[in-house]
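So you can see what is in the structure, the chains are spelled out below.
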Amino acid sequence: MASKMRALRLFAPGDIRCVEVDVPVIEKDSQVLVKVKSCGVCGSDIARVMVKGTYSFPTTIGHEFAGEVLEIGSGVKNVEVGDRVTALPMIPCGVCEYCKSAKYHMCDNYDYYGSRRDGAMAEYIVIESANCLKLPSNVDYEMGCMADPMSVALHAVRQSGTVEAGGSAAVYGMGAIGYMTVQWFRALGYTTVYAVDISDEKLRLAERLGATKGINAMQEDPVKEIIALTSGGVDTAVELAGNKITYVQSLQSAKKSGTVIYCGITYDDVVYPNDAIAHILRGEITIRGSWNSLPNPLPIHEWETALRFMQSGAIKVNPLITHRYRLEDGQKAFEMMFNRTEVFTKVLFKPED
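Note that the structure is a prediction, hence the values are computed from the model and not measured. (Residues numbered from 1 in each chain as written. Predicted model: local features only at pLDDT ≥ 70, side-chain atom pairs only at ≥ 80, totals over all residues. Heavy atoms only, no water.)

**Some points on the overall build of the protein**
Worth spelling out the cut-off: Helix and strand definitions here come from DSSP, where helices need a minimum of 4 consecutive H or I residues and strands a minimum of 2 consecutive E residues; each element is numbered from the N-terminal end. Only the C-alpha atoms count toward the radius of gyration. The rule for a globule is 2.2 Å times the residue count to the power 0.38. For the exposure calls, accessible area comes from a 1.4 Å probe over protein chains only, and a residue counts as buried if that area is under 20% of its type's maximum, exposed if over 50%, partly exposed in between. Throughout, a residue-residue contact means that at least one pair of heavy atoms, one from each residue, lies within 4.5 Å.
Regarding its fold elements, the protein presents 11 helices and 18 strands. In terms of overall dimensions, the protein is globule-like: its C-alpha atoms have a radius of gyration of 20 Å, near the 20 Å expected for 353 residues. Taken over the C-alpha atoms alone, the protein extends approximately 65 × 45 × 35 Å along its principal axes. Residues counted as buried form 55% of the 353 residues belonging to the protein. Restricting the contact set of the protein to residue pairs at least 6 apart, pairs at least 24 apart contribute 69%.

This is the structure in C-alpha cells:
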C-alpha cells in the first residue's frame, strides 16, 4: 500500500484543499484502518467549512462514511480485514455522567471524526473498532455512508415519544435528514405526514418518498394550511431547516398537547411572537431538542436499526443522492452548496475516483 494519500483538508474557513498527506497508521490495538469508499456531506459540514472552521487547522473533514477494513489492531474482535463497514463519528469519553448513564450522544468531553480529529474525506482513515458497524450484504457503500443521517432522523422521531399508528406529523426542511424523517414516520405507522420546504422539486421528491402532501412555504402559509388540513394541527412537528422562521412555524403547526422536535441547527436568535407563546401555554405543547443519535443497544440501537431499514427497503436513501465529487473538486463542491447555485440534497465524495 502507498505511504501517501489524497485528503480534503480545511486550512481556514473557506480554504479547503485536496492535498497529499501520509496514510494514517494504527497506533492502538483497538483501531482499524479503513479504505474510504464513499463520504457524505452533512449540513453541518457546509457551515464548518465555509464559516465556522474546525477546532484546529488543517483538519481532514467528513464524518458520514463507509469503506473496507484493510488492517486491524491486535485487540480488535468485532471486525475483520475485508469487512464492509460504516462508523459512528462520535468518540465518547466513557467517564462523564452522561456516558455512565449510556447517553453517549450527550457526552461532555467527546471527540469527533471530521471536526475535532481528522475525518473521512480522504482515501484512508484510522478509527476505533468500537465505532464500526458491518454493512448488510445488500447495503452498498453509498447507502452505508448515510447511516449517520438516517440514525439522526430516527432519533428525532423517537424524541416525540411513542409513535402511535395513525398519527400525523409535519416535517420542516427537505434536506437529507428531512426526507429520512418523513420516511421514518411513515414506516413507523403515521398515516399523515406533511413536508414543508421552499422548493417544488424537493417537495415532489418528498411526496414520492411517502409525504402525504408537500407544502411550499414561499407560496402559502404552512401553518394555516396544516391547521386547515388537520382541523387543529399535527401530533408531531419536526424542525430540520435550522431557520428562525421555521422554528416558530413548526411550533405553531402542532395541535394542543402536541410535540415539537427541534433538530435543525440555527445560527440566528429565534424570537417567538406572543401568539406562539400563548400556543405553548394554552395548548400545553411539549418542546424537545434532538441531538445526534443514540448507539445504546437498549431499547434499540439507532444505527443498527437504520441499517436494517435500509436493508429491507423500507426507507430509501439512493434517491437522495444528487451529486458525486472527486476529492479534487472539494472547493467547487462546497462553494456550490454554500451559495446554493444548484438544488442538492445528499452530496457524496468518492475518494477512489
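**Thoughts on the pattern of salt bridges**
In a structure, side chains of opposite charge can pair up when their charged atoms sit close to one another. Quick reminder of the rule: Criterion for a salt bridge: a side-chain nitrogen of Lys or Arg within 4 Å of a carboxyl oxygen of Asp or Glu.
Inspection of every chain in the model, using the stated rule, returns 18 salt bridges. Glu352 is paired through a salt bridge with Lys35; the nearest N and O atoms lie 3.9 Å apart. With a gap of 317 residues between them, Glu352 in the segment after β18 (346-349) and Lys35 in strand β3 (residues 31-40) connect regions that are remote in the sequence. Judged by relative accessible area, which is 44%, Glu352 ranks as partly exposed. A salt bridge links Glu142 to Lys350; the shortest N-O distance between them is 3.0 Å. With Glu142 in helix α3 (residues 141-144) and Lys350 in the segment after β18, the pair connects residues that are 208 residues apart, well separated along the chain. One exposure class covers both Glu142 and Lys350, and it is buried. Linked by salt bridges that have partners in common, Lys35, Lys37, Glu68 and Glu352 make up one network.

**Notes on the environment of Val19**
On the secondary structure map, Val19 appears in strand β2 (residues 15-22). For the pair formed by Val19 and Phe65, sequence separation is 46 residues and the distance between their alpha carbons is 19 Å. Residue contacts for Val19: discarding those within four places in its chain leaves Met5, Arg6, Ala7, Arg9 and Phe11.

**Details of the packing of aromatic side chains**
The cut-off we apply is this: Stacked, edge-to-face and tilted are the three classes for Phe, Tyr and Trp ring pairs, Trp counted by its six-membered ring, which pair at centre distances within 6.5 Å; planes under 30 degrees apart are stacked, over 60 edge-to-face, the rest tilted.
Applying the stated criterion across every chain, the model contains 6 aromatic pairs. For the pair Tyr247 and Tyr262, a centre-to-centre distance of 4.2 Å together with 20° between the ring planes defines the contact as stacked. Of the two residues, Tyr247 sits in helix α8 (residues 244-253) while Tyr262 sits in strand β15 (residues 254-262), which places them 15 residues apart along the sequence. Pair check on accessibility: Tyr247 and Tyr262 agree, each one buried. Ring geometry for Phe334 and Phe349: centres 6.1 Å apart, planes at 20°, overall stacked. Of the two residues, Phe334 sits in helix α11 (residues 330-339) while Phe349 sits in strand β18, which places them 15 residues apart along the sequence. Every member of this aromatic cluster is reached through a ring pair, and the members are Tyr325, Phe334 and Phe349.

**Here we look at the packing of helix α4 (residues 147-158) against helix α5 (residues 176-187)**
A pair of packed helices is characterised by two quantities: the angle between their axes and the separation of those axes. Definition in use: Axis definition: a line fitted to C-alpha atoms, over the contacting stretch in the case of helices. Angles run 0 to 180 degrees between N-to-C directions. Angles are sorted into four bins: roughly parallel if under 35 degrees, roughly antiparallel if over 145, roughly perpendicular if 65 to 115, and oblique for all others. A clockwise turn of the near helix away from the far one marks a right-handed crossing, whereas an anticlockwise turn of less than a right angle marks a left-handed crossing. Ten residues, namely Ala, Val, Leu, Ile, Met, Phe, Trp, Tyr, Cys and Pro, are considered nonpolar, four, namely Asp, Glu, Lys and Arg, are considered charged, and the remaining ones, Gly among them, are considered polar.
Two numbers describe how α4 lies on α5: the axes approach to 8 Å, and their chain directions differ by 55°. Classified by the interaxial angle, the pair formed by α4 and α5 is oblique. By crossing handedness, the relation of α4 to α5 is classed as right-handed. In contact with Pro149, Met150, Val152, Ala153, Leu154 and Val157 of α4, α5 contributes Ile177, Met180, Thr181, Trp184 and Phe185. Per-class residue counts for the contact of α4 with α5 are 10 nonpolar, 1 polar and no charged.

**What to know about a nonpolar patch on the surface**
The condition is simple: Only residues whose relative accessible area exceeds 30% and that form no salt bridge enter a patch; like-charged residues are grouped when within 9 Å of one another, and nonpolar side chains (Val, Leu, Ile, Met, Phe, Trp, Tyr) when within 5 Å. To measure how exposed things are, a 1.4 Å probe is used in the Shrake-Rupley method; for residues, cover is taken only from the protein chains shown.
On the surface, Ile265, Tyr267 and Trp291 cluster together into a nonpolar patch covering about 350 Å² of accessible area. Mapped onto the fold, Trp291 is located in the loop between β16 (286-289) and α10 (302-312).

**With respect to the sheet that holds β15**
Using the following cut-off: Note on pairing: DSSP must find at least two bridges between two strands before they are called paired.
The strand order β13-β12-β11-β14-β15-β16 describes an open sheet built from 6 strands, whose pairing is parallel. Two strands close off the open sheet at either side, each with one partner strand: β13 (213-216) and β16. Between one strand axis and the next, the sheet turns through 20° on average, direction left out of account. With 4 bridges joining them, strand β12 (residues 192-197) and β13 adopt parallel strand pairing.

**Re the side chain of Asp197**
Rules: The convention is simple: Lys and Arg are positive, Asp and Glu are negative, and His and the chain ends are not counted.
Mapped onto the elements of the fold, Asp197 is located in strand β12. Within the buried set, Asp197 has no salt-bridge partner at all; the shortest N-O distance to an opposite charge, 5.7 Å, is to Lys202. Residue contacts for Asp197: discarding those within four places in its chain leaves Gly173, Met174, Lys202, Leu203, Ile215, Asn216 and Ala217.

**Details of α5**
Since the α-helix advances by 3.6 residues per turn, residues separated by three or four positions end up pointing in the same direction. Put simply, the rule is: One less than the number of residues in a helix, times 1.5 Å, gives the span that helix is expected to have.
Between its first and last C-alpha atoms α5 spans 16 Å; for 12 residues at 1.5 Å apiece the expected length is 16 Å, and the two agree. Counting buried positions over the 12 residues of α5 gives 9, a clear majority of the element. Here α5 has its buried residues at Ala176, Gly178, Tyr179, Met180, Thr181, Val182, Gln183, Trp184 and Phe185. A positive phi of about 115° marks Gly189, the residue just after α5.

**Describing helix α1 (residues 43-52)**
Of all 10 residues that make up α1, 7 are buried, and the element is covered over most of its length. Those residues of α1 that fall on the buried side of the exposure criterion are Ser44, Asp45, Ile46, Ala47, Arg48, Val49 and Met50. Of the surrounding secondary structure, the elements contacted by the buried residues of α1 are β1 (4-12), β2, β3 and α11. Immediately beyond the C-terminal end of α1, within one or two residues, lies Gly53, with a positive phi of roughly 85°.

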